[in-house]
Amino acid sequence: TAQETIQDLKQVISENQSTIEYSCFFLALDGQRLNDFVELGEVEGLSKESQLELHEDRYTERDARHHVIRLRELLLGPTTANANIAGLDAGASVFNTIKNPDGVSDEPDGLSTDADTDADKGIKADGEGDASSAAASTAAEAAESASAAGGQSSGSARPGKGSSKKSGKSKNKGKGSSAAAAAGAASSKPESDVSSSEAPVEKIKPLATEHAFTDYEISKVPPFSVVSASKAIASLALPHCLKQIILSGWNPVPRYRQLKGDLLYLQVTTIESQTYHITASRDGFYVNSSSLVRFNPEPYGEARAGQSGVRDSEFYSAHSLITLLKRLSPRFARGLDDLQKQMSQREAVEVLPFVSAEQAASPWLVRGNENRVPEAYDLGHPQEIYLRLGAQAADSLRDWNEELQSIREMPRSNLSERVVRDRQLHKWYSEFAEAAIQGAMAVVEGEMPPLNPTDPEEQHMYLRDNIFYSKGFDGRETFTELGGDAAAHVATGKDITGVRLLNQLDIDGLHTLGSVVVDYRGLRVVAQSVVPGIFRRQETTQIVYGSVDSGVTVGADEEFHKLLEPVAKALHFGEHAVSDESGTEYKLYTSADVKGLTGTDGRKYLLDLFRMTPMDIEFLER
């Protein structure tokens, strides 16, 4: 649509099977580079007949780190790097288990629904063939890989400078939709995936009234083998592409090499047991001449040129790490292609990472030892924090509140604008919830120092990565007459309900904070985005609506009062009088405990929304 940005189009290209190796590139129209954040409708001269050119871009250290992260995520298949971040036994989609309760049938006469195409069987047959013929093909592949390495465990050449017209790359340039069409054409030929030795099987189509949940008992509790993410991933039988891809021990890059364009050093071990030391540079990736005991950052192809078994220098370099590894390891190339084919044949509910759903999919009742044993030894796991955040963790410093309010202020006058806005909101909430969960766990485990260490523990407040944390205790004695800590525990959940109500109303000019409540190890932690200027205690950030001191002083700002009129109408709130300690009356729509605050960014925020819902009248009578 015209409302989507160039960045959205780049995301589609990078996720497309035919252009999956690209992550650092830019799009150009008639030779002019396009701004990633410009909407398609605002690009001058862009029409339906226009063709956009894909040009490889120069890497930054951040781009190189994200390129490696993306490769690791691709190799994981339809999983997340840390599925059990918020629970011991994270759940997964039961869709495939419902459709195929006994797994994918190996028998030629196995029943199949419309989604279980012959291509699925072809992929499985290919996978089995790969496993059975691995011993026979290992020698040839190892010889080819050894030839690629020149008889050594590493080798390379420096990539070409910035041009996107290198051999083997220019055919991937062009219109973004052309790349999508190419991928569609590739996925529309399932016959090529079917083993020629298999006899054609006539499919038994289900009745028109049948669907995946026809005989499924919704009320029946499924066994753990069905809902467990680890079991579900194991059942996919995903192909292995690499043994290991980690940061090299020669990091960080020496300063004199930074001036030559080196960004990162990687160590990759292929399925053929060949180890390569790879340099991520500003122009791309190339195999260097280092080993585990000697640092030599020079390109292997240039340093060993002319030696027996060493290929030309261009063979050992590429703009994309994926392209380079495909050259160095035949089994990586075949495994990655098979993995992408399997993902293209899977249902969307099995492949797409529904982040917000995963956070709520961990049950209270979990299995025992299986959750305590890591599935595989991977030195790359403890390095992922560095890859994601950088050496100084600068990428973690996000202004969560500004991001949220900017997304809410996006236009929403038509369906396309609302879809773009809601998509951004969902992405923000998912990322904020994940960060809040990790921070709340650190609070409970004592890993985060409080802002007020001299105060009692129940009054401690915490701040990390622009997220404010507090415990669900009655630290300020607000609920002394209502039940103390027990009442405060309930009020935090009511506050989330109030935030949800205001978000559903979506009133222009009225803002709420990003809020998450986390229960961990018997303690409740509230995580919120930070109101700009709230720690400065300036006059511009004082409470202007409601009361912050239990009715001693009351604010009734006219602008806030008028802004709350549509809220009062939607929630059936009546205007009522509230008196302060001196007896002066003020007209409010909400409870005095609901606070209105103006931040230094000029926006108006509502806080402490636990009294946005009325008390049950039966509770009062009893």
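Here, residues in each chain are numbered from 1, in the same order as that chain's written sequence. Since the coordinates come from a predicted model, pLDDT governs what is reported: local features require at least 70, and pairs of side-chain atoms require 80 or more to be given and counted, while whole-chain, interface and lining totals use all residues. Side-chain measures here rest on the full set of heavy atoms in the structure, leaving out hydrogens and waters.

**A short note on the overall build of the chain**
For step 1, the next point in the chain: Helix and strand content of the chain: 21 helices and 19 strands.
For step 2, the next point in the chain: Out of the 622 residues in the chain, the part that is buried amounts to 40%.
For step 3, the next point in the chain: Contacts are residue-level and defined by heavy atoms, with any inter-residue pair within 4.5 Å sufficient. Within the chain, counting contacts between residues at least 6 apart in sequence, those at least 24 apart form 68% of the total.
For step 4, the next point in the chain: Surface exposure here means Shrake-Rupley accessible area, sampled with a 1.4 Å probe, where a residue is shielded only by the protein chains that are shown. For the chain, the accessible surface area stands at approximately 33800 Å², while carbon and sulfur atoms represent 52% of it. Segments assigned H or I by DSSP are reported as helices when at least four residues long, segments assigned E as strands when at least two residues long, and all are numbered from the N terminus. For every residue, the accessible area (1.4 Å probe, protein chains only) is compared with the maximum for its type, and the residue is labelled buried under 20%, exposed over 50%, or partly exposed between those bounds.

**Points about the packing of helix H11 (residues 321-328) against helix H12 (residues 330-345)**
The packing of two helices is summarised by the inter-axis angle and the distance between the axes.
For step 1, the next point in the chain: Note on geometry: axes are C-alpha line fits, over the in-contact stretch for helices, and angles between N-to-C directions span 0 to 180 degrees. Interhelical geometry of H11 versus H12 gives an angle of 125 degrees and a closest axis separation of 5 Å. Viewed along their axes, H11 and H12 adopt a mutual orientation that is oblique. In contact with Ile322, Leu325, Lys326 and Leu328 of H11, H12 contributes Pro330, Phe332, Ala333, Leu336 and Asp337.
For step 2, the next point in the chain: Throughout this entry, Asp, Glu, Lys and Arg are counted as charged residues, while Ala, Val, Leu, Ile, Met, Phe, Trp, Tyr, Cys and Pro are counted as nonpolar. The remaining residues, Gly among them, count as polar. Here the contact of H11 with H12 is built from residues that sort into seven nonpolar, no polar and two charged. Any angle between 65 and 115 degrees counts as roughly perpendicular, while under 35 counts as roughly parallel, over 145 as roughly antiparallel, and the rest as oblique.

**What about the confidence of the model for the chain?**
When pLDDT drops low, the exact placement of atoms in the prediction is not to be read closely.
For step 1, the next point in the chain: Of all residues in the chain, 66% attain a pLDDT of 70 or more, and the chain-wide mean is 74.
For step 2, the next point in the chain: Segment residues 145-203 is flagged for pLDDT under 50; beyond a separation of four residues in sequence, or across chains, it makes 134 contacts in the model. Confidence of the predictor at the level of single residues is given by pLDDT, which spans 0 to 100.

**Considerations on the pattern of salt bridges**
For step 1, the next point in the chain: In the sections that follow, a salt bridge refers to a side-chain nitrogen of Lys or Arg positioned within 4 Å of a carboxyl oxygen of Asp or Glu. Counted according to the given criterion, the structure contains 22 salt bridges.
For step 2, the next point in the chain: Lysine 595 is paired through a salt bridge with aspartate 608; the nearest N and O atoms lie 2.8 Å apart. One end of the pair, lysine 595, is in strand S18 (residues 595-598); the other, aspartate 608, is in the loop between strand S19 (604-607) and helix H21 (617-621), with 13 residues separating them in the sequence.

**Describing the side chain of asparagine 16**
For step 1, the next point in the chain: Within the secondary structure, asparagine 16 sits in the loop between helix H1 (6-15) and strand S1 (25-29).
For step 2, the next point in the chain: Judged by its relative accessible area of 10%, asparagine 16 is buried.
For step 3, the next point in the chain: Whenever two N or O atoms come within 3.5 Å, that pair is a polar contact, provided that in protein one can donate a hydrogen and the other can accept it, and provided that, for residues adjacent in sequence, both atoms are side-chain atoms. At a separation of 2.9 Å, a polar atom in the side chain of asparagine 16 contacts the side chain of serine 18.

**Looking at the pairing of strand S6 (residues 275-281)**
For step 1, the next point in the chain: Of all seven residues that make up S6, six are buried, and the element is covered over most of its length.
For step 2, the next point in the chain: Looking at chain direction, S6 and strand S7 (residues 284-287) are connected through four bridges and run antiparallel. Each bridged residue has a counterpart across the sheet, and for isoleucine 278 the counterpart in S7 is valine 287.
For step 3, the next point in the chain: Whether two strands pair comes down to DSSP finding at least two bridges between them. Connecting S6 to the antiparallel partner S7 that follows it, the hairpin turn spans two residues.

**A look at the sheet that holds strand S5 (residues 262-270)**
For step 1, the next point in the chain: As summarised here, the arrangement of the five strands in space is S4-S5-S6-S7-S8, forming an open sheet in which the pairing is antiparallel. Edge positions in the sheet fall to strand S4 (242-247) and strand S8 (317-318), since each has one partner strand and no second.
For step 2, the next point in the chain: Across the sheet, helix H2 (residues 61-76) is in contact with S4, S5, S6 and S7; its angle to S5 comes to roughly 20 degrees.

**Focus: the packing of helix H16 (residues 400-408) against helix H17 (residues 415-444)**
For step 1, the next point in the chain: One can describe the packing of H16 onto H17 by two numbers: an axis separation of 9 Å at closest approach and a directional angle of 160 degrees. Comparing their axes, H17 and H16 come out roughly antiparallel. For the element pair H16 and H17, the recorded crossing hand is left-handed. Judged by residue contacts, Trp400, Glu403, Leu404, Ile407 and Arg408 of H16 engage Arg421, Gln424, Leu425, Trp428, Tyr429, Glu431, Phe432 and Ala435 from H17.
For step 2, the next point in the chain: The class makeup of the residues in the contact of H16 with H17 is eight nonpolar, one polar and four charged. Should the near helix be turned counterclockwise from the far one by less than a right angle, the crossing is left-handed, whereas a clockwise turn marks it as right-handed.

**Focus: the environment of leucine 242**
For step 1, the next point in the chain: Mapped onto the elements, leucine 242 comes out in strand S4.
For step 2, the next point in the chain: Under the relative-accessibility criterion, leucine 242 is labelled buried at 13%.
For step 3, the next point in the chain: Separated by 167 residues in the primary sequence, leucine 242 and leucine 75 have C-alpha atoms spaced 8.3 Å apart.
For step 4, the next point in the chain: When neighbours within four sequence positions are excluded, leucine 242 is seen to be in contact with Leu75, Val268, Thr269, Thr270, Ile271, Leu325 and Phe332.

**Remarks on H16**
For step 1, the next point in the chain: Restricting attention to buried positions, one finds in H16 the residues Trp400, Asn401, Leu404, Gln405, Ile407 and Arg408. The buried residues of H16 all sit within an arc of 160 degrees when viewed along its axis, so they share a single face.
For step 2, the next point in the chain: Residues of H16 that are buried sit in contact with H17, strand S10 (467-471), helix H18 (485-505), strand S11 (510-511), strand S13 (523-529) and S19. In this context, the arc is that of the directions from the helix axis out to the C-beta atoms.

**Examining the pairing of S10**
For step 1, the next point in the chain: Among the five residues of S10, four are classified as buried, and the element is accordingly described as predominantly covered.
For step 2, the next point in the chain: When strand S9 (residues 461-464) meets S10, the two strands line up antiparallel, connected through four bridges. The residue of S10 that forms the bridge with tyrosine 462 is tyrosine 469.
For step 3, the next point in the chain: In terms of strand pairing, S10 meets S13 through five bridges, oriented antiparallel. Within the sheet, the bridge partner assigned to phenylalanine 468 lies in S13 and is glutamine 528.

**Here we look at a nonpolar patch on the surface**
For step 1, the next point in the chain: Only residues whose relative accessible area exceeds 30% and that form no salt bridge enter a patch; like-charged residues are grouped when within 9 Å of one another, and nonpolar side chains (Val, Leu, Ile, Met, Phe, Trp, Tyr) when within 5 Å. A surface patch of nonpolar side chains, about 420 Å² in accessible area, is lined by Leu451, Met461, Leu463, Ile534 and Phe535.
For step 2, the next point in the chain: Position of leucine 451 relative to the elements: it lies in the loop between H17 and S9.

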